[in-house]
Amino acid sequence: PEAGQQPETAMSDTRANKQFRSQEWFDNPNNPGMTALYLERYQNQEYTREELQGGKPVIGIANTGSDLAPCNKIHVFLMDRIKAGIRAAGGIPMEFPVHPIQETGKRPTAALDRNLAYLSLVEVLHGYPIDGVVLTTGCDKTTPAMLMGAATVDLPAIALNGGPMLDGWWKGERAGSGTIVWESRRLLAEGKIDYEEFMSRVCSSAPSLGHCNTMGTASTMNAMAEALGMTLTGSSAIPAPFRERMAMAYETGKHIVRMTYDDLKPSDILSRAAFENAIIVNGAIGGSTNAPPHLQAIARHAGVALDVTDWETIGFDVPLLVNMQPAGEYLGESFFRAGGVPAVMGELLKAGKLHEAAMTATGNTMGVNLAGVESVDTDVIRPYDRPLREQAGFKVLSGNLFDSALMKTSVISEDFRQRFLSEPGQEGIYEARAVVFEGPEDYHDRINDAGLEIDERSILFVRNVGCVGYPGSAEVVNMQPPDALLKQGINHLPTVGDGRQSGTSESPSILNASPEAVVGGGLALLQTGDRVRLDLNASRMDALVDEAEWQARRDAWEAPEIRSQTPWQEIYRRHVGQLAEGGCLELATAYQRIRKDLPRD
Ligand code: FES
Ligand code: MG
């Protein structure tokens, strides 16, 4: 549906006698002292006593945009429209800031801050007079952080994406966020472009406010939010500068008021069926390998059973329907015009692949939201029976190097498949010599070292870059081959690691290996020169080292010293779990819903 034309819902009209939790702050005759203190300080800005004691819902707006967070900066300008919508529906808007998580700005990695923003959102929603919340989303980790927090507190909540940037262009060709970086890095190493052209090429991919215009982690996670049912229909793909984005902000503000009256909460929406829908949509859009840990984290905070292996069992056979970089050719504007996420889901629904009874933030089921919706440009969003490729989901590998690691097969190029996976009689099987790096610094120092004897048959490994090791898990597994190989036209070698890779990368890496090396995962025992065997048919990867030798290495292994730069890094490292389990603060997963048995005002 057009923004502003959301279908009417079957919500009940319970406005007359609804008692909101914010009244415990603003209108509590049993505690006049506290009530007066709350009232006077909110009254001295724009709110009146009549409003605050009028029984209207207070709607928090979690603002993830700021000067430090340009991917989400559009929300600073959308605030007026969200607030207008909330007021039009009879709610009281209260905007508050969220700890910034800028993927391209935060050192050592933005992933470290997902759980910090999560924690602080939980604290705000729990501790302030908020009855419902608009979660502004966009850049990679902002979306899961907001959904994780909403799942924990379980107040009525709806996500509003800021939308992707306009399409980037360079010399008449689409220049996609991130994807152009990987390509330009290769051209620079091959000596085909210089430093200045490198800068111009990459900057051309960011022509406006908004998040990455490729199907990177930002577009993926916002598609996930919509597939989970946590947004209005059609909300996630609208480019940031479009008029429809402003209309959607207004509509979302209006709608959250209704959700608070009907007490429609994340726990009503985030069901196992919703997560299965999201996994299927991820395959069809060619989504990021960052989606599994983020979805896992949301599921755990929502108390829904999900396992990393679900990504292969439920997701692997899903065909790629969306022709968008890095797996395809188009960018966000085309995706939006072709119908965005509802069109993809409509095609999947027609093919009988989705749970249509899953409840959504609209108050209707996914089936009702999507009725009659289909692709309006079948070059950009393909029909189910005419996909860009079959089996576009993830492989979940295991073996003696890790209990689980992911491989995004939709980005395996024909050239790569020919070179590595097509030995006659051995299709999908590959054996090679391992070259091991201890982290991104070690990789940069040594990748061009001829002594490593890296050839076109090598597999590159990087370890100590997971949640505990890095800390936060770094997007560094998509390592580029040495310059000498690039000059021969070898653009990709198989790469493996306990970190992640950018959702905008087209590298067919094996990543998110869990458990990571620094906590004693098998990757810690690998040595340069070992033979390693990848078997995609059996979903396995193993070091071909004999049992006794492997055990001897394990006995000799000592956990490396871990040094943190900030207090948060240390707290994070003490409490974080592995990527396969979502990289959550483990102690936080015990908290679900607001505890009413522990009053303390
Ligand atoms: Fe922020 Fe891609 S870097 S959305
Ligand atoms: Mg990234």
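Here the structure is a predicted model, which means the values were calculated and not measured.

Reading the values: rules and limits
Every residue gets a number counted from 1 within its own chain, in the order that chain's sequence is written. The order in which chains are written sets their letters, starting at A; the order in which ligands are written sets their numbers, starting at 1. The predicted origin of the model limits local features to residues at a pLDDT of at least 70 and limits the giving and counting of side-chain atom pairs to 80 or more, whereas totals for whole chains, interfaces and linings rest on all residues. Numbered from the N terminus, helices here are DSSP runs of H or I no shorter than four residues, and strands are runs of E no shorter than two. Note that the radius of gyration is over C-alpha atoms, with the globule rule given as 2.2 Å times the number of residues to the power 0.38. Counts of 20 or more other C-beta atoms within 10 Å of a residue's own C-beta define buried residues, counts of 12 or fewer define exposed ones, and intermediate counts define partly exposed ones; C-beta atoms are placed from the backbone. We call two residues in contact if the C-beta atoms placed from their backbones are at most 7 Å apart. For two strands to pair, DSSP has to find at least two bridges joining them. Handedness of a crossover: with both strands directed away from the viewer, a clockwise path from the first strand across the helix to the second marks it as right-handed. Note on definitions: a nonpolar core is a set of buried residues drawn from Ala, Val, Leu, Ile, Met, Phe, Trp, Tyr and Cys, linked by C-beta atoms within 7 Å. One fewer than the residue count of a helix, multiplied by 1.5 Å, yields its expected span.

Participant: Would you explain the overall build of the chain in this entry?
Facilitator: Along the chain, the regular secondary structure elements total 22 helices and 14 strands. Radius of gyration (C-alpha) of the chain: 24 Å, near the 25 Å computed for a compact globule of 601 residues. Overall size of the chain, expressed as C-alpha extent along the three principal axes, is 75 × 55 × 45 Å. Here the chain holds 601 residues, and 56% of them are scored as buried. Considering only contacts in the chain between residues 6 or more positions apart, those separated by 24 or more positions represent 78%.

Participant: Would you explain the pairing of strand 3 (residues 132–137) in this entry?
Facilitator: Successive side chains on a regular strand alternate, one facing one side of the sheet and the next facing the other. Here strand 3 lies mainly inside the structure; six of its six residues are buried. Because side chains alternate across strand 3, one face comprises the buried residues Gly132, Val134 and Thr136, and the other comprises Val133, Leu135 and Thr137, equally buried. The pairing of strand 1 (residues 58–63) with strand 3 spans four bridges and is parallel. Paired with isoleucine 61 across the two strands is valine 134, which belongs to strand 3. Each parallel crossover has a hand, and the one from strand 3 via helix 6 (residues 142–153) to strand 4 (residues 157–161) is right-handed.

Participant: I tried to follow the nonpolar core on my own but got confused; where do I start?
Facilitator: Within soluble globular proteins, side chains that are nonpolar generally end up buried alongside one another. In this structure, Leu135, Val344 and Phe461 are the most contacted members of the largest nonpolar core, which totals 162 residues. For leucine 135, the contacting residues outside a window of four places in its chain are Ala62, Met146, Leu147, Ala150, Ala157, Ile158, Ala159 and Leu160. With five residues, the next largest nonpolar core counts Trp25, Phe26, Tyr38 and Tyr42 among its residues.

Participant: I would appreciate a short explanation of helix 9 (residues 217–228) in the present structure.
Facilitator: Because an α-helix packs 3.6 residues into every turn, residues spaced three or four apart end up facing the same way. Between its first and last C-alpha atoms helix 9 spans 16 Å; for twelve residues at 1.5 Å apiece the expected length is 16 Å, and the two agree. For helix 9, the tally of buried residues reaches twelve of twelve residues, placing the bulk of the element in the interior. Taken residue by residue, helix 9 has Thr217, Ala218, Ser219, Thr220, Met221, Asn222, Ala223, Met224, Ala225, Glu226, Ala227 and Leu228 as its buried positions. Glycine 229 lies just past helix 9 and shows a positive phi near 95°.

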